[in-house]
Amino acid sequence: MSVTTEATAIRPFRIGVPEEQLAELRRRLAATRLPSRELVADRSQGVQLATVQALARFWATEHDWRACEARLNALPQFTTEIDGVEIHFIHVRSAHEDALPLIMTHGWPGSVVELLETVGPLTDPTAHGGHPEDAFHLVLPSLPGYGFSGEPTEVGWDPGRVAQAWAVLMQRLGYTRYVAQGGDVGAAVTDAIGRQAPDGLLGIHINLLVGALAIADQLSAQSEQERAALDALATFRASGFGYFLEQATRPQTIGYALLDSPIALAAWMLDHDTDSYQKISRAFLEGQPAGHLTPDRIVDNITLYWLTRTGASAARSYWENARAQALAAGHTPPGVTLPVGFTTFPGEIFRAPRTWVEKVYPSLTYYNEVDKGGHFAAWEEPELFATEIRAAFRSLR
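Being a predicted model, the structure only gives us computed values, none of them experimental. (Residues numbered from 1 in each chain as written. Predicted model: local features only at pLDDT ≥ 70, side-chain atom pairs only at ≥ 80, totals over all residues. Heavy atoms only, no water.)

Caption draft 1: Geometry of the overall build of the chain. A tally of regular secondary structure across the chain gives 18 helices and nine strands. Compactness check: the chain gives a C-alpha radius of gyration of 20 Å against a globular reference of 21 Å for 397 residues, within 12% of the reference. With respect to the principal axes defined by its C-alpha atoms, the chain has extents near 60 × 55 × 45 Å. For the chain, with 397 residues in total, the buried portion stands at 55%. Summed over all atoms, the accessible surface of the chain reaches about 17,100 Å², with 51% contributed by carbon and sulfur. Where the 32 positive side-chain charges of the chain centre and where its 46 negative ones centre are 2 Å apart. (Helix = DSSP H or I, 4+ residues; strand = E, 2+ residues; numbered from the N terminus. Rg over C-alpha atoms; globule rule 2.2 N^0.38 Å. Buried < 20%, exposed > 50% of the residue type's maximum accessible area, 1.4 Å probe, protein only. Areas by Shrake-Rupley, 256 points an atom, 1.4 Å probe, with all protein chains shown as cover. Lys, Arg positive; Asp, Glu negative; His and termini not counted. Charge placed at Lys NZ, Arg CZ, Asp CG, Glu CD.)

Caption draft 2: Local environment of the packing of aromatic side chains. A complete count under the given rule lists 17 aromatic pairs for this structure. Here the aromatic rings of phenylalanine 58 and phenylalanine 284 are separated by 5.9 Å at their centres, their planes lie at 75°, and the arrangement is edge-to-face. In this pair, phenylalanine 58 sits in helix H3 (residues 49-61) while phenylalanine 284 sits in helix H13 (residues 274-285), placing the two residues 226 residues apart along the sequence. Taking the centre distance of 5.4 Å and the plane angle of 85° together, the rings of phenylalanine 376 and tryptophan 379 count as edge-to-face. For the pair phenylalanine 376 and tryptophan 379, one class covers both residues: buried. Cation over ring: arginine 237 sits above phenylalanine 241, and NZ or CZ is 5.7 Å from the ring centre. (Phe/Tyr/Trp six-rings, centres within 6.5 Å; stacked < 30°, edge-to-face > 60°. Lys NZ or Arg CZ within 6 Å of the ring centre and 35° of its normal.)

Caption draft 3: Main features of the pattern of salt bridges. For the coordinates displayed, the defined rule picks out 21 salt bridges. For glutamate 86, the salt bridge is made with arginine 11, and the minimal N-O distance between the two is 2.4 Å. Residue glutamate 86 is located in strand S3 (residues 85-92), and its partner arginine 11 is located in strand S1 (residues 11-12); the two are separated by 75 residues in the primary sequence. On the basis of relative accessible area, glutamate 86 is assigned to the partly exposed category, the value being 28%. With a relative accessible area of 27%, arginine 11 lands in the partly exposed category. Salt-bridge contacts for aspartate 134 lead to arginine 394; the nearest nitrogen and oxygen are separated by 3.1 Å. (Salt bridge = Lys/Arg side-chain N within 4 Å of Asp/Glu carboxyl O.)

Caption draft 4: Here's a closer look at helix H12 (residues 262-270). Among the nine residues that make up H12, seven are buried, leaving the element largely enclosed by the rest of the structure. Within H12, burial applies to Pro262, Ile263, Leu265, Ala266, Trp268, Met269 and Leu270. In this fold, the buried residues of H12 make contact with helix H2 (19-30), H3, helix H10 (242-249), helix H11 (251-260), H13 and helix H14 (295-308). (Contact = heavy atoms within 4.5 Å.)

Caption draft 5: How the structure looks around the layout of surface pockets. Estimated volume of the largest pocket: approximately 1,400 Å³. Lining the largest pocket are 42 residues, with Val210, Gly211, Ala214, Asn321 and Gln325 positioned closest to its centre. Elements that contribute at least two residues to the lining of the largest pocket include exactly helix H6 (159-172), helix H7 (185-196), helix H8 (211-214), helix H9 (224-239), H10, helix H15 (311-327) and helix H16 (354-360). In the lining of the largest pocket, the residues fall into 25 nonpolar, 11 polar and six charged. Its boundaries defined by the atoms lining it, the second largest pocket holds a volume of some 490 Å³. (1 Å grid on protein atoms, 1.4 Å probe; cavity = no way out; pocket = protein on both sides within 12 Å on 5 of 7 lines; lining within 4 Å. Points joined across faces, edges and corners; volume = space filled by probe spheres on them. Nonpolar A, V, L, I, M, F, W, Y, C, P; charged D, E, K, R; others polar.)

Caption draft 6: Expanded view of the nonpolar core. Membership of the largest hydrophobic core comes to 118 residues, with the highest contact counts inside it found for Trp59, Leu102, Trp108, Trp166, Leu209, Ile302 and Phe350. Residues in contact with tryptophan 166, not counting those within four places in the same chain, are Ile87, Ile103, Thr105, Pro141, Ser142, Leu143, Pro144, Val189 and Ile193. (Core = buried A, V, L, I, M, F, W, Y, C linked by side-chain atoms within 4.5 Å.)

This is the structure:
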């Protein structure tokens, strides 16, 4: 076998975490030193002690990593090397012959775990209220430095480079026509692949308007919806931006805590957006999960970060994005001319009005506002999310 063939080979992958790693996790959970209770009644000082204590108890006494491991291993998983980095991905082919290939990218603090509930509805729509012509062949890669993908050993793995790797992956899988979807960091990657427009890409769907952050001073605030979105964006920048700024400027510094303490990792991952935090807190404190944001699934995702030791390498993706934006300052990026679909969920950091989406994506062909779901839309409301994906790409089949 030639070196080239070995480098581009697609290899089956199976998870098998040694028991001693799980024992070490339990030891570290038991040895956690917690801060005193916050001095306010809300989350304005950060993740609240009661939430962390409830999560820690559940993690130490009730969570079953082996169940998550079995759930992942029940799906076809693979790795392949692209541009010097080992990329892990789930690849589920639909039983429907004319299914449309779809590559879907997770974000931070998520992983492929946040997308698992969508596998059934997207690949087997007839079992979930859809039709055979709604089927997708589904590719779920782990971002470089996240989960079971390898860590980049050099700088430069910004969303644009990841997008190029995804185009290689789809080509390597034999897909000559496909669509792409993403939220959070995955939205930045999907935005980039839309601008690159590689051969075979038919269109994209996004559920977070990442482009709004770059042109906030140009956004209209005339309608009530626009003013509400601008207020939400301003609030996020003023009081919810801590994790973003730290990861964009000092990912290595926070990485020491994220790899040394599982509870520090959990608290850092929970301190994202207000809607998700409140839903996660209720799941642990009141036993009232929002959709599939259950204690088991939440801790599955945190444990994946812990066992793969990717807290720091995942944080670096924010540094890479910030660096890429700084280097591109003053240069107008190529526009997206392919069809674009966008869904705005009510619990997102901000609900992007259609006017804003059209400003970022003049080629918008599908826009919808739904009545439930938040930042982790695919995780929280997988059936609704799948319905949106089907509708956004229906005209491209």
